[in-house]
Amino acid sequence: MIDPFGRAITYLRVSVTDRCDLRCVYCMAEDMTFLPKAELLSLEELERVCGAFVRLGVRKLRLTGGEPLVRRNIMSLIRGLGRRLGDGLDELTLTTNGTQLARHAAELADAGVKRINVSCDTLDPAKFQAITRWGRLDQVMAGIKAAKDAGLHVKINAVALKGTNDDEFDRMIEWCGAEGHDLTFIEVMPMGDIGRQRVDQYLPISMVRAQLKKRWTLEEIDYRTGGPARYVRVKETGGRVGFITPMTHNFCESCNRVRLTCTGTLYMCLGQEDAADLRAAVRASESDAPLEAAIHAAIARKPKGHDFIIDRRHDPRSVSRHMSVTGG
Ligand code: SAM
Ligand code: SF4
């Protein structure tokens, strides 16, 4: 699948549910309305859509959400997709908040998952609760330990939040370096109404980097995971640190991915509203021909990029959906 700008589409992210057991302040409002369950694709339908993407050239699948591990019977989908590894699919992975990981880590490894991203913005229990509203840090730490014990490679995702975790970056680098986890810092993106001003949370990654450079030696490296992060090695810990900079550096030119929601809507760009309805195509026929045609038609209109802006002087350029709908 090649889009109009010559980019090969090899990476599908699937938001398997928009629901979550946490309410992170940058992601959701506390009183979220979720999609009616009747609108969701079944796990079998999701597997069928993923299978079609793999046949058409997708080599990497990431399950995300909402919280992927809160969807009932999610392991049956993960097992089914795991069987495609080596048969067109190179990598199956997921992004999780870690709350359910202690229960699932061993089974994930057994299904062929090798690496996972766990979101954790702070190592301070009180701050963790303040950021996630409903979360407990010890539960997530137990999940991360279970993942490591199961042989999964863990990458910690931390959203850089002004005035919240910007005094903890050194500590996170030390901890990840000691534990052998990669660490990625992410800029907050203007997605969905969260009941407060984005500009109050936004911390450009350039400032994170500048802060880190005061304490650490950051060596440029060529490491890539197929995602948008750019990595450095921290000389003192030997650990890798990635930076995802959708706001300050537009990484769209090398975009290789599209995103499927749990209702079968395909977004060709995280930061644009245009979408294709694959649910109708899945349900139209037992044959996958209409589905594959719908996927091709969607890729043919993948836009060049997003145009997010966070700035007090302008109307915020943002998208109305929450990150939990399209999946991070
Ligand atoms: N619940 C899982 C988790 O938290 O890892 C998966 C879904 S979550 C939407 C995926 C990632 O998106 C997380 O790392 C989260 O921190 C990040 N995220 C959520 N809202 C965001 C926003 N507005 N800007 C930037 N990152 C965001
Ligand atoms: Fe849930 Fe992940 Fe959003 Fe936090 S970032 S509310 S864990 S979906």
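Below or above, wherever it landed, is the structure these notes cover. Nothing here was measured: the structure is a model prediction, and the numbers come from that model.

Quick word on the sheet that holds strand E12 (residues 275-277)
Strand order in the open sheet made by the 12 strands is E7-E8-E9-E6-E5-E4-E3-E2-E1-E10-E11-E12, with mixed pairing throughout. Lying at the two open borders of the sheet, with one neighbouring strand each, are strand E7 (218-220) and E12. Across the sheet, the axes of successive neighbouring strands diverge by a mean angle of 25°, strand direction being ignored. Across the sheet, helix H6 (residues 169-179) lies against strand E5 (153-159), strand E6 (182-186), strand E8 (230-234) and strand E9 (240-244), angled at about 155° from E6, the strand it touches most.

A closer look at the site of ligand 1
Neighbouring ligand 1 are 18 residues, the closest being Tyr-26, Gly-66, Thr-95, Ser-119 and Met-189. At a separation of 3.2 Å, a nitrogen atom of ligand 1 approaches a polar side-chain atom of Glu-67. At 2.5 Å, a side-chain N or O of Ser-119 approaches an oxygen atom of ligand 1. Surface burial for ligand 1 is 95%, taken as the share of its 540 Å² of free accessible area covered by protein chains. Secondary structure elements with two or more residues in the shell around ligand 1: strand E3 (91-96) and E5. Grouping the constituent residues of the shell around ligand 1 by class yields 6 nonpolar, 9 polar and 3 charged.

A few points about empty space enclosed by the protein
Summed over the entire model, instances satisfying the criterion amount to 3 cavities of 30 Å³ or more. Of the voids in this model, the second largest cavity is the one considered here, and its volume is about 60 Å³. For the second largest cavity, the full set of lining residues is Arg-62, Arg-115, Ile-116, Asn-117, His-153, Val-154, Lys-155, Asp-182 and Thr-225. At the level of secondary structure, the elements contributing two or more residues to the lining of the second largest cavity comprise strand E4 (115-119) and E5.

Some details on the site of ligand 2
Around ligand 2 sit Cys-20, Leu-22, Arg-23, Cys-24, Cys-27, Met-28, Gly-66 and Asn-97, and that is every residue in its neighbourhood. Residues that form the shell around ligand 2 fall into these classes: 5 nonpolar, 2 polar and 1 charged.

What counts and how
- Within each chain, residue numbers correspond to sequence positions counted from 1 in written order.
- Chain A is the first chain written and ligand 1 is the first ligand written, with later ones labelled in order.
- Local features in this predicted model are restricted to residues whose pLDDT is 70 or higher, and side-chain atom pairs enter the listing and the counts only when it is 80 or higher, whereas totals over whole chains, interfaces and linings include all residues.
- Calculated side-chain values reflect all of the structure's heavy atoms, with hydrogen atoms and water omitted.
- DSSP calls a pair of strands paired once it identifies at least 2 bridges connecting them.
- Each helix is a run of DSSP H or I of at least 4 residues and each strand a run of E of at least 2, with the numbering of both proceeding from the N terminus.
- Each axis is a line fitted through C-alpha atoms, taken for helices only over the stretch in contact, and angles between the N-to-C directions span 0 to 180 degrees.
- Residues count as neighbours in contact if any of their non-hydrogen atoms are within 4.5 Å of one another.
- Proximity is defined per residue: any heavy atom of the residue falling within 4 Å of a molecule or strand makes that residue near it.
- Polar contacts, as counted here, are pairs of nitrogen or oxygen atoms within 3.5 Å of one another; within protein the pair requires one atom able to donate a hydrogen and one able to accept it, and residues that are adjacent in sequence qualify only if both atoms are side-chain atoms.
- Surface accessibility follows the Shrake-Rupley procedure with a 1.4 Å probe radius. Residue values consider only the protein chains on display as shielding.
- The nonpolar class holds Ala, Val, Leu, Ile, Met, Phe, Trp, Tyr, Cys and Pro. Asp, Glu, Lys and Arg form the charged class, and all remaining residues, Gly among them, are polar.
- Of the two site types, the cavity is a set of points on a 1 Å grid over the protein atoms alone where a 1.4 Å probe fits but cannot get out, and the pocket is an open set with protein on both sides within 12 Å along at least five of seven lines, each lined by residues with an atom within 4 Å of a point.
- Grid points are joined across faces, edges and corners, and a volume is the space filled by probe spheres set on the points.

Interpretation note: all reported values are geometric properties and have no functional meaning in isolation.
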